[in-house]
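Working through the structure, step by step
One letter stands for each residue in the lines below.
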Amino acid sequence: MSSFSRREFLHGVSGLLLLPLLRAEQPDVILFNGKIWTVDENQPLAQAVAVSAGRLVAVGSDHDVVAYAGGNTRRFDLSGKIVLPGFIDAHSHPLESGRAHLRMVACDLPTIAQVVAAVKARAAKTPPGQWVQGFLYDDSKTEHPITREELDAAAPDHPSIIYHRGGHIAFVNSLALKAAGVDEATPDPEGGRYEHGPSRRLTGRVADKAVEGIKRLIPLQSIPDEDRDALKLIQKMVTSKGITSVGDASASPMDLHAYQNAHSAGELSMRVYCIMIVDSLDRMLAAGIRTGLGDEWVRVGGIKQFADGSISERTARLSQPYVGMPDYYGLFLSSEEELYENSKKAYGAGWQLCTHANGDVAIDRVLKVYERVQREIPGREPRNRIEHCTLINDALVRRMRTLNVTPVPFSGYVYYHGEKMHYYGAERLTHMFAMRSFLDAGLRPTDSSDYTASPLEPMMWLQSQVTRKDKQGNAWGTNQRITLEEAIRCGTINGAYASFEENVKGSIEPGKVADLIVLGRDPFHEDPAALSTIPVEGTMVGGKWVYES
Ligand SMILES: [Zn+2]
């Protein structure tokens, strides 16, 4: 179904689905004259929807739906525009990113000189001795990875740390290393790395557990209303891109509190599934909390653990070395026993398991744990997830199928992080971000940005999956291409499934929440290589326009 004339489209709109309650009350809003891709198998296409108290109450043709309008019903003419269900960003870090936008220097800049200038400008406004922090930096998008010396020059009087946008590595200056008591003789921590250059001099690049050790030194100054401001800022970004629900993939109890505050104050414009960081497991268990608590706006999700490092920063743990880096396989972040102990405790108490694993050997480790836990604790519909689940093989996919594991990939990577794909190599890429393999196996992969790791852009997910081409036009693993319709399903209804909410959201059908987006152009008539340029013109969440261009 790659192209559709208006006549064919209208022909496809048949029948009317509605809720019985529509007879009793008149809808608050009717949207009509649209081309609505519902992602509902019972009625894939529609022209109009009626919304009452934040929910869809009727979906069908203009003729049928508009007939329900009453005197107080607001009517909205979609002018033939394309409507999709709101996207579900199944794995992202919205609150943490919002705070970073408020506190740190944005380093998503194309040259070292620009990054240095940005850090320098922030240092000039910061009392000497206080930390200067940057984020959104990407070492493969500047001439070379920023060095310790360059950061020393930018911030000679401040300990400074610049986080990679992937969140697993960082670049620090000499004062930061000194503050951490790290010198050339310091051994790497378990699951972490201090990079050394010629004659063992530290380069300032630190990875995973080594980043955490430095991060802990930075005093947490509390800023009044910070969380509220951070949420306002990030929600604006999220909804302007057509995302109506997010999975916060490492929420702390403090984050959950902030989301609840925003909810109570009526300030939420996106729905949040809070995947709680494993450090909070005991506190959550003691409080008798488990996955599912909450409502359609803020819900407690699964428990988040890490098996290995990241793809964009080349710390994912692989079975074969990175290309051009002999003997370097990436990092494991948890042992199988650690993952098992936490998983058993959480799963036994009714939690969904959401474990980060990128490399094939890390995925194997997680599956061993899930196999054990699901065997020992039978009788639940598991729906455990593997966050990212990047490098797979047929045997891993078969085991996922047996366990009904949901992969949560970030498929914008092929496009956005194309310049890193050579570290993995063309052959390995045929098994990475493996949407085709997942779908063919009958799994329900979701989609996600993992923001800040990649941009908050669902249209980029679609482009990446349909073309498997990067920004430079290089194609990677084209065997994993999927159709536009499949890609839309992954980004909508599959995301709902991954949070046990497929009866609440993820498609445009009566009874579900009224979360939808209006696009500026028709993706089914667009050059696949330009999908990411289609603007979102309107985003509705719970029957309210939360973004209009
Ligand atoms: Zn993440």
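All residue numbers refer to position in the chain's written sequence, counted from 1. Confidence filtering applies because this is a predicted model: local features only for residues at pLDDT of at least 70, side-chain atom pairs given and counted only at 80 or more, and all residues used for totals across whole chains, interfaces and linings.

**Some details on the overall build of the chain**
- A helix here means a DSSP run of H or I that spans at least four residues, while a strand means a run of E at least two residues long, and both kinds are numbered starting from the N terminus. Per the secondary structure count, the chain includes 19 helices and 24 strands.
- Our radius of gyration looks at C-alpha atoms and nothing else; its globule reference is 2.2 Å times the residue count to the power 0.38. For 549 residues, the compact-globule estimate of 2.2 N^0.38 gives 24 Å, and the chain sits close to it at 24 Å.
- Counting only C-alpha atoms, the chain reaches 75 × 55 × 50 Å along its principal axes.
- Within the span of the chain, comprising 549 residues, buried residues form 54% of the whole.
- Summarising the internal contacts of the chain: among those between residues at least 6 apart in sequence, 73% fall at separations of at least 24. Remark: C-beta atoms are placed from the backbone, and a residue is labelled buried if 20 or more other C-beta atoms sit within 10 Å of its own, exposed if 12 or fewer do, or partly exposed between those counts. Contact between two residues is assigned when their C-beta atoms, built from the backbone, lie within 7 Å.

**Notes on the nonpolar core**
- Among buried residues, those of type Ala, Val, Leu, Ile, Met, Phe, Trp, Tyr and Cys that are joined through C-beta atoms within 7 Å form a set called a nonpolar core. With 159 residues, the main nonpolar core has Val49, Cys274 and Val366 as its most contacted residues.
- When residues of this core are assigned to their parent elements, the largest contribution, seven residues, is made by helix 12 (residues 360-376).
- In terms of domain composition, this core takes at least three residues from each of domain 1 (96-215) and domain 2 (225-503).
- For Cys274, the residues in contact, after removing those within four places along its chain, are Asp248, Ala251, Asp255, Leu256, Tyr259, Val298, Arg299, Val300 and Gly301. Domain start and stop positions are those given by an automatic or database domain assignment.

**A closer look at the domain arrangement of the chain**
- Assigned domains within the chain: domain 1 (96-215) and domain 2 (225-503).
- Across the boundary between the two partners, domain 1 contributes 20 residues, which contact 19 residues of domain 2.
- Of all the secondary-structure elements, those providing two or more residues to the side of domain 1 that touches domain 2 are helix 3 (94-103), strand 11 (132-137) and strand 15 (202-208).
- No other element matches helix 3, which puts six residues into the side of domain 1 that touches domain 2.
- Under the scheme applied here, ten amino acids are nonpolar (Ala, Val, Leu, Ile, Met, Phe, Trp, Tyr, Cys and Pro), four are charged (Asp, Glu, Lys and Arg), and all others, including Gly, are polar. A class-by-class count of the residues in the side of domain 1 that touches domain 2 yields six nonpolar, nine polar and five charged.

**Examining the packing of helix 3 against helix 8 (residues 226-240)**
- Contact geometry of helix 3 with helix 8 gives a least axis separation of 8 Å together with a crossing angle of 105°. Relative to helix 8, the element helix 3 is oriented roughly perpendicular. Where helix 3 abuts helix 8, its residues Pro94, Leu95, Ser97, Gly98, Arg99, His101 and Leu102 lie against Glu226, Asp227, Asp229, Ala230, Leu231, Leu233, Ile234 and Val238. Lines fitted to C-alpha atoms define the axes, with helix axes restricted to the stretch in contact, and inter-axis angles between N-to-C directions lie between 0 and 180 degrees. With respect to orientation, any angle under 35 degrees is reported as roughly parallel, any angle over 145 as roughly antiparallel, any angle of 65 to 115 as roughly perpendicular, and every other angle as oblique.

**Things to note about the sheet that holds strand 2 (residues 29-32)**
- Read across the sheet, five strands follow the order 1-6-5-2-7 without closing on themselves; strand pairing throughout is mixed. The sheet terminates laterally at strand 1 (16-18) and strand 7 (74-77), the two strands that pair on one side only. Taking the axes of each pair of neighbouring strands and ignoring which way they run, one obtains an average angle of 15° across the sheet.
- Two strands form a pair only when DSSP identifies at least two bridges running between them. As paired strands, strand 1 and strand 6 (residues 55-60) are joined by three bridges and run antiparallel to one another. If you follow Leu18 over to strand 6, its bridge partner there is Ala58.

**Thoughts on the pairing of strand 23 (residues 536-541)**
- Within strand 23, five of the six residues are buried, which leaves it mostly tucked inside the rest of the structure.
- Relative to strand 23, strand 22 (residues 516-519) runs antiparallel, the two being bridged by four bridges. Directly across from Leu516, in strand 23, lies its bridge partner Met540.
- Between strand 23 and strand 24 (residues 544-548), which pair antiparallel and follow one another directly, the connecting turn spans two residues, one of which, Gly542, has a positive phi of 55°.

**Quick notes on the environment of Leu318**
- Relative to the helices and strands, Leu318 resides in the loop between strand 18 (298-306) and helix 11 (336-348).
- Leu318 sits in the buried class, given 22 other C-beta atoms within 10 Å.
- Along the backbone, Leu318 and Cys490 are 172 residues apart, and their C-alpha atoms lie at a distance of 26 Å.
- Those residues in contact with Leu318 that sit more than four places away from it in its chain are Tyr329, Gly330, Gly359, Asp360, Val361 and Leu391.

**Some thoughts on helix 4 (residues 112-124)**
- Expected helix span is given by 1.5 Å per residue-to-residue step, counting one fewer step than there are residues. Taking 1.5 Å of rise per residue, the 13 residues of helix 4 would be expected to cover 18 Å, and the 18 Å separating its terminal C-alpha atoms lies within 8% of that figure.
- Restricting attention to buried positions, one finds in helix 4 the residues Val115, Ala118, Val119 and Ala123. Down the axis of helix 4, the sector holding all buried residues measures 135°, keeping them to one side. Residues of helix 4 that are exposed and angled more than 90 degrees away from the buried face: Ala113 and Ala124.
- Along its buried surface, helix 4 packs onto strand 10 (105-106), strand 11, helix 5 (148-154) and strand 12 (160-164). The directions from the helix axis to the C-beta atoms are what the arc is built from.

**So, the pairing of strand 5 (residues 48-52)**
- Counting buried positions over the five residues of strand 5 gives five, a clear majority of the element.
- Judged by which residues are buried, strand 5 turns out to be covered on both faces: Ala48, Ala50 and Ser52 on one side and Val49 and Val51 on the other are all buried.
- Across three bridges, strand 2 lies against strand 5 in antiparallel orientation. Directly across from Leu31, in strand 5, lies its bridge partner Val49.
- Here strand 5 pairs with strand 6 via five bridges, running antiparallel. In the strand pairing of strand 6, Ser52 is matched with Arg55.

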